[in-house]
2 protein chains.
Amino acid sequence: MVPLNFMTTGTADYLVTGNFSKKAAEEAAKFGTARIAASSKDKNFTYIPDVKAIEYDPNASYIHICQNNTIFGTTFVDVPQVEGIPLVADMSSMIFSEPTDVSKYGCIYFGVQKNVAPAGMAVAIIREDLLGKCAKGMTPDKIPTMMNYTTLLNADSMYNTPPCWCIYMTGLVMDYLEQEVGGLEEMKKRNEAKAKILYDYLDGQDFYTNPVEKPYRSRMNVTFTSPTQELDKAFCAKATAEGLLNLKGHRLVGGMRASIYNAMPEAGVRKLVDFMEAFRKENA
Amino acid sequence: MVPLNFMTTGTADYLVTGNFSKKAAEEAAKFGTARIAASSKDKNFTYIPDVKAIEYDPNASYIHICQNNTIFGTTFVDVPQVEGIPLVADMSSMIFSEPTDVSKYGCIYFGVQKNVAPAGMAVAIIREDLLGKCAKGMTPDKIPTMMNYTTLLNADSMYNTPPCWCIYMTGLVMDYLEQEVGGLEEMKKRNEAKAKILYDYLDGQDFYTNPVEKPYRSRMNVTFTSPTQELDKAFCAKATAEGLLNLKGHRLVGGMRASIYNAMPEAGVRKLVDFMEAFRKENA
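Residues numbered from 1 in each chain as written. Chains lettered and ligands numbered in written order. Predicted model: local features only at pLDDT ≥ 70, side-chain atom pairs only at ≥ 80, totals over all residues. Heavy atoms only, no water.

Asker: What exactly am I supposed to notice about the interface of chain A and chain B here?
Answerer: Much of the literature gives interface size as the accessible area that the parts lose upon coming together. Residue-level contacts link 21 residues of chain A with 21 residues of chain B. Carbon and sulfur atoms make up 55% of the area that chain A and chain B hide from each other, which totals about 1600 Å². The interface formed by chain A and chain B includes zero salt bridges. At the boundary of chain A with chain B, the tally comes to twelve residue pairs in polar contact (both at pLDDT 80 or more). For the side of chain A that touches chain B, the secondary-structure elements that each account for two or more residues are helix H2 (19-28) and helix H4 (164-181) of chain A. Looking at the side of chain A that touches chain B residue by residue, the class counts come to twelve nonpolar, four polar and five charged. (Contact = heavy atoms within 4.5 Å. Buried area = accessible area lost by both parts, 1.4 Å probe. Salt bridge = Lys/Arg side-chain N within 4 Å of Asp/Glu carboxyl O. Polar contact = N/O pair within 3.5 Å; in protein donor to acceptor, adjacent residues only side chain to side chain. Helix = DSSP H or I, 4+ residues; strand = E, 2+ residues; numbered from the N terminus. Nonpolar A, V, L, I, M, F, W, Y, C, P; charged D, E, K, R; others polar.)

In structure tokens:
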């Protein structure tokens, strides 16, 4: 939907820092030029390029990033800020994990399935002046109706029968974040504390390896490997048997991945670290 | 998605019998010629054109119908069957209300929110030979990835994170239909019995009016009006107070609409008829 609605100059800059930013760029290439302004593929996506050092195309309709990369366990620290070129960010895997300065973005979009609600809904926050346009070479009325942000806006997000359950659950989670947690600053503190436990443990031993450059470590997805693929497999099997689920890394990278989204309590992270240490002692 | 994937000749025949078939035709017109092969607009959509008498375009990529029209309370009895031209049907508001001979269709699609599961998912059943193509003048790789049926098929419907809750609930409802109800023949009998109670009542009095020609009466949505708009309003208010909800007709037609989908028990229909008769006595 981003290129169909926003690629007004026929070109846009994409920062490829993982799987979903790569897919976003491939999709955009259907509707115009998706210029790869920067990529961290040279080091297997273990870092985020310096956003201030990138040469952006002055004619770009927007700059697109995926702010947290679930598979590789990286996150942007700074985000691109270029006068006159709106920033479009996929925040699916870090939205509401910390406060966001929405004024830095032309469009924020996210699937709700990580930090917000059960899978089945996506949300977009769009700067008003970006609406009502379309990719160069077409007219807004040629965008498939349901892929036109203006359709959804004009119909108060009810052009189609909306996913009521997801909306209801989103409301409950927003209430929880405000009233139970006390806001996103507090949520950020909790997430930082959770991530610190895991990264501190990883940094204090040499059985497990986390390949990500330290400044770009994700607070949502912590990736690590044991010395061998066989041990990785044994780790996941044993962890599952002990109730530590979904630790297998994405098939693109292998190893392990601990997704410690908002809903994961600190106790869950501590339990994982205890398990990791026991497994290390047995297998080191 | 239908025109993007199936309008291979650049033109398709649309039967406009209500709001959703009209919207489908408007959408298709973005990607080719959406020819209105027949319409029941001349009598405010109170009937279904004789599908055997329609002159179809031999060059049509497909014939599109909306098989049950929720707003106007009509349903197809026969469906178009033309050698060499696949039939595409939106079955959202009648799927699983009765058995369907899928061999008559090139594509059946439906939103799950009426007879299947909570809102938030659509399902398509597609004849294999129709896949892998696209609207005339484009190539399949230019279809937005998520709107290409082949993407979804190749990824086993998990190209994106799927709406797990809707899928789970669909499974439960399928189990219920098979094991509790005993199959769709039995479901059809129950739905016929429910609709008969309402239509028999409507035919036996002259306070309420159902405008639909009898052969095309929907078994899912029964529309009716009282003598005046004021009484319609009073009817809905009083019904709501007595726990009979959502009886207000769609804003396009006014009056009342009783949606008696699979989930509505016969007792609910009987309660409605009792209420209607009491209201009639008070206001006739």
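Asker: Whenever I open this one, the relation of the copies chain A and chain B confuses me. Can you help?
Answerer: The operation relating the pair of chain copies consists of a rotation about an axis and a translation along that axis. Rotating chain A by 180 degrees and translating it 0.0 Å along the rotation axis places it on chain B, where the RMSD comes to 0.0 Å. The two molecules are tied by a two-fold rotation axis, judged by turn and shift. Minimal C-alpha separation from the rotation axis in chain A is found for Gly120(A), amounting to 3.3 Å. (Least-squares fit on C-alpha atoms with pLDDT ≥ 70 in both.)

Asker: I would appreciate a short explanation of the side chain of Asn210(A) in the present structure.
Answerer: Here Asn210(A) lies in the loop between helix H5 (184-203) and strand E9 (221-224). From its side chain, Asn210(A) meets the backbone oxygen of Thr223(A) in a polar contact 2.6 Å long.

Asker: Would you mind going over the packing of helix H5 (residues 184-203) of chain B against helix H7 (residues 266-283) of chain B with me for this structure?
Answerer: When two helices pack together, their arrangement is given by the angle between the helix axes and the distance between those axes. Residues and elements named next belong to chain B. Close contact between H5 and H7 brings their axes to 9 Å; oriented N to C, the two are set at 10 degrees. With respect to H7, the element H5 is oriented roughly parallel. Along the contact surface, H5 presents Ala 193, Lys 194, Ile 197, Leu 198, Tyr 201 and Leu 202, while H7 presents Glu 266, Val 269, Arg 270, Leu 272, Val 273, Met 276, Glu 277 and Arg 280. (Axes fitted to C-alpha atoms, helices over the stretch in contact; angles between N-to-C directions. Parallel < 35°, antiparallel > 145°, perpendicular 65-115°, else oblique.)

Asker: Even after reading the chapter, I still don't get the sheet that holds strand E3 (residues 63-66) of chain A, so can you show me in this structure?
Answerer: Two pairing modes exist for strands in a sheet, parallel and antiparallel, and in both the strands are linked by backbone hydrogen bonds. Residues and elements named next belong to chain A. With respect to topology, six strands assemble into an open sheet ordered E2-E1-E3-E6-E7-E8, the strand pairing being mixed. The open sheet has two free edges, formed respectively by strand E2 (33-39) and strand E8 (122-126), since each of these has just one partner strand. Neighbour-to-neighbour, the strand axes of this sheet turn through a mean angle of 20 degrees, independent of strand direction. Sheet analysis places strand E7 (residues 107-111) next to E8, joined by five bridges and oriented antiparallel. Residue Cys 107 lies in a different strand from E8, and its bridge partner there is Ile 126. Where H2 meets the sheet, it contacts strand E1 (11-16), E2, E3, strand E6 (87-90) and E7, and its direction lies at approximately 160 degrees from that of E1. (Pairing = 2+ DSSP bridges.)

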